[in-house]
Amino acid sequence: MAITDRQTATLALAHALSAAERGLPVFPLSASKLPALRSPHHDEDPPVHCRGACGLPGHGVHDATTDPAAVRALFAAAPRATGYGIACGRPPHRLIGIDLDIDTTHGNDSVAALQHLGLQHLFTIPATVTVLTPSGGRHLWLTGPSGVSVPNSAGRLAPGIDVRGAGGYLVGPGSVTAHGRYRLAPGTAHLAPAPCPRALLRLLTPPPRPHHHPAGRAPTVRQGQGLVQFVRDAHEGQRNTRLFWAACRAYEHGFGDALADALTEAAIRTGLTEQEARAAIASAARLTTPRRNP
């Protein structure tokens, strides 16, 4: 499919300008959903970590702007752009994107997982802007309060749920990618991004927790019973994914070792072998535990 023709680029610019008029900072994207402008520092050695302070375009999400003239200039410099990104975490909206992926391979239902979190933590997602992705997923647009920085994350809330916050971006509706077009869900085009429920916001901005605890103050296994139950509830096709996710959360919160046996037992009940369960937990420990210098 030829998606780099003049009409596609013109429509991408038009959609980006429309978003900028509503206070959403935008910048051009390529068909791969990556920034369309090459970094002006790509040939420099050693690498330069610049966020646009040099004044040149080509710094990805840091190029995002609501100024119409600046938006036009960015797209003029990126004639092969087929879409646009919307910077999250920036005023006035301080956009938070909840990315619900569809994973039929592993049987993960991210929509159901979000509903389960809502029931567990007593929140509901209000009517808000919803963007349908070419893969069958959806992006929910929420707004955050001033002074709160929501970090980007992948799968931390639950398998298949990614979060776009400060420093991240969402593909804007009307963008065309190599896999298809992003479009507004029916009935949401007239909506403004809704405020993020406070209970969900607390989940999105967890306080930092230590990986290690002083001697004699190790957490008990009771702190991870929700994670153990999450593993027990896994269906075929979800078992490894759920176990790995739960083990990562346990190690991030500092009680992975204390919960390892209970997670293993729960995984065995779902049909995994002990060897498979222990291997998944060990992988989670390696991924989440900081390396120590010898």
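All values reported here derive from a predicted model rather than from experimental measurement.

A.B. asks: Can you walk me through the overall build of the protein in this structure?
C.D. replies: Tallying secondary structure elements over the protein gives eight helices and 14 strands in all. For the protein, the residues scored as buried account for 45% of the 294 residues in total. Considering only contacts in the protein between residues 6 or more positions apart, those separated by 24 or more positions represent 74%. Summing over all exposed atoms, the protein offers an accessible surface of approximately 15,900 Å²; the carbon and sulfur share of this is 53%.

A.B. asks: What should I look at first to understand helix α2 (residues 68–77) in this one?
C.D. replies: Side chains that are three or four residues apart share a direction in an α-helix, a result of its 3.6 residues per turn. Listed in full, the buried residues belonging to α2 are V71, L74 and F75. Along the long axis of α2, the arc covered by the buried residues comes to 95 degrees, so they all point the same way. Turned more than 90 degrees from where α2 packs its buried face, A69 and A76 sit exposed. In this fold, the buried residues of α2 make contact with α1 (6–21), β1 (26–29) and β2 (83–87).

A.B. asks: Could you clarify how one ought to interpret unusual backbone geometry in this entry?
C.D. replies: Note on backbone geometry: most residues besides glycine have negative phi, and most peptide bonds are trans. Following P91, the chain continues to P92 via a peptide bond in cis, the omega torsion being 10 degrees. Position of P92 relative to the elements: it lies in the loop between β2 and β3 (95–100). For K33, which is not glycine, the phi torsion reads 75 degrees and is therefore positive. Along the chain, K33 turns up in the loop between β1 and α2. Although it is not a glycine, L122 sits at a positive phi angle of roughly 65 degrees. Within the secondary structure layout, L122 lies in the loop between α3 (110–121) and β6 (130–132).

A.B. asks: What should I look at first to understand the packing of α1 against α2 in this one?
C.D. replies: Helices that pack against each other are described as a pair by the angle of their axes relative to one another and the distance between those axes. Relative to each other, α1 and α2 sit at 155 degrees, their axes nearing to 10 Å. In terms of orientation, α1 and α2 fall into the roughly antiparallel class. Handedness of the α1/α2 crossing: right-handed. Contacts between α1 and α2 pair A12, L13, A16, L17 and A20 from the former with P68, V71, R72 and F75 from the latter. Taken together, the residues of the contact of α1 with α2 break down into eight nonpolar, no polar and one charged.

A.B. asks: Before we go on, may I ask you to explain the sheet that holds β2 in this structure?
C.D. replies: Paired through their backbone hydrogen bonds, the strands of a sheet run either parallel or antiparallel. Strand order in the open sheet formed by three strands is β1-β2-β10, with antiparallel pairing between adjacent strands. Two strands bound the open sheet, and with one partner strand each, they are β1 and β10 (169–171). Each strand of the sheet is rotated relative to its neighbour by a mean of 35 degrees, with strand direction disregarded. The pairing of β2 with β10 spans three bridges and is classified as antiparallel. Its bridge partner lying in β10, G85 is registered against V171. In the packing of α1 onto the sheet, the strands contacted are β1 and β2, and the crossing angle to β2 comes to about 20 degrees. Along the sheet face, α2 touches β1 and β2 and points at about 10 degrees away from the line of β1.

A.B. asks: What should I look at first to understand the packing of aromatic side chains in this one?
C.D. replies: Given two aromatic rings, their pairing is described by the distance between the two centres and the angle made by the two planes. Taken as a whole and judged by the stated rule, the model has two aromatic pairs. Arranged with centres 5.1 Å apart and planes meeting at 85 degrees, the rings of F27 and Y169 form a pair that is edge-to-face. In this pair, F27 sits in strand β1 while Y169 sits in strand β10, placing the two residues 142 residues apart along the sequence. Ring centres of F230 and W245 lie 4.9 Å apart, and the angle between their planes is 55 degrees; this geometry places the pair in the tilted category. Here F230, found in helix α5 (residues 225–232), pairs with W245, found in helix α6 (residues 239–252); they are 15 residues apart in sequence, far enough to count as distant. Exposure remark for F230: the relative accessible area of 16% places this residue in the buried category.

A.B. asks: Just to check I follow, could you spell out α5 for this structure?
C.D. replies: For α5, the set of buried residues is L227, V228, F230 and V231. Seen end-on, α5 carries its buried residues on one side only, within an arc spanning 155 degrees. Residues of α5 that are buried sit in contact with α6 and α7 (256–270).

Conventions and cut-offs
- Residues numbered from 1 in each chain as written.
- Predicted model: local features only at pLDDT ≥ 70, side-chain atom pairs only at ≥ 80, totals over all residues.
- Heavy atoms only, no water.
- Helix = DSSP H or I, 4+ residues; strand = E, 2+ residues; numbered from the N terminus.
- Buried < 20%, exposed > 50% of the residue type's maximum accessible area, 1.4 Å probe, protein only.
- Contact = heavy atoms within 4.5 Å.
- Areas by Shrake-Rupley, 256 points an atom, 1.4 Å probe, with all protein chains shown as cover.
- Arc of directions from axis to C-beta.
- Axes fitted to C-alpha atoms, helices over the stretch in contact; angles between N-to-C directions.
- Parallel < 35°, antiparallel > 145°, perpendicular 65-115°, else oblique.
- Left-handed = near helix turned anticlockwise from the far one by under 90°.
- Nonpolar A, V, L, I, M, F, W, Y, C, P; charged D, E, K, R; others polar.
- Pairing = 2+ DSSP bridges.
- Phe/Tyr/Trp six-rings, centres within 6.5 Å; stacked < 30°, edge-to-face > 60°.

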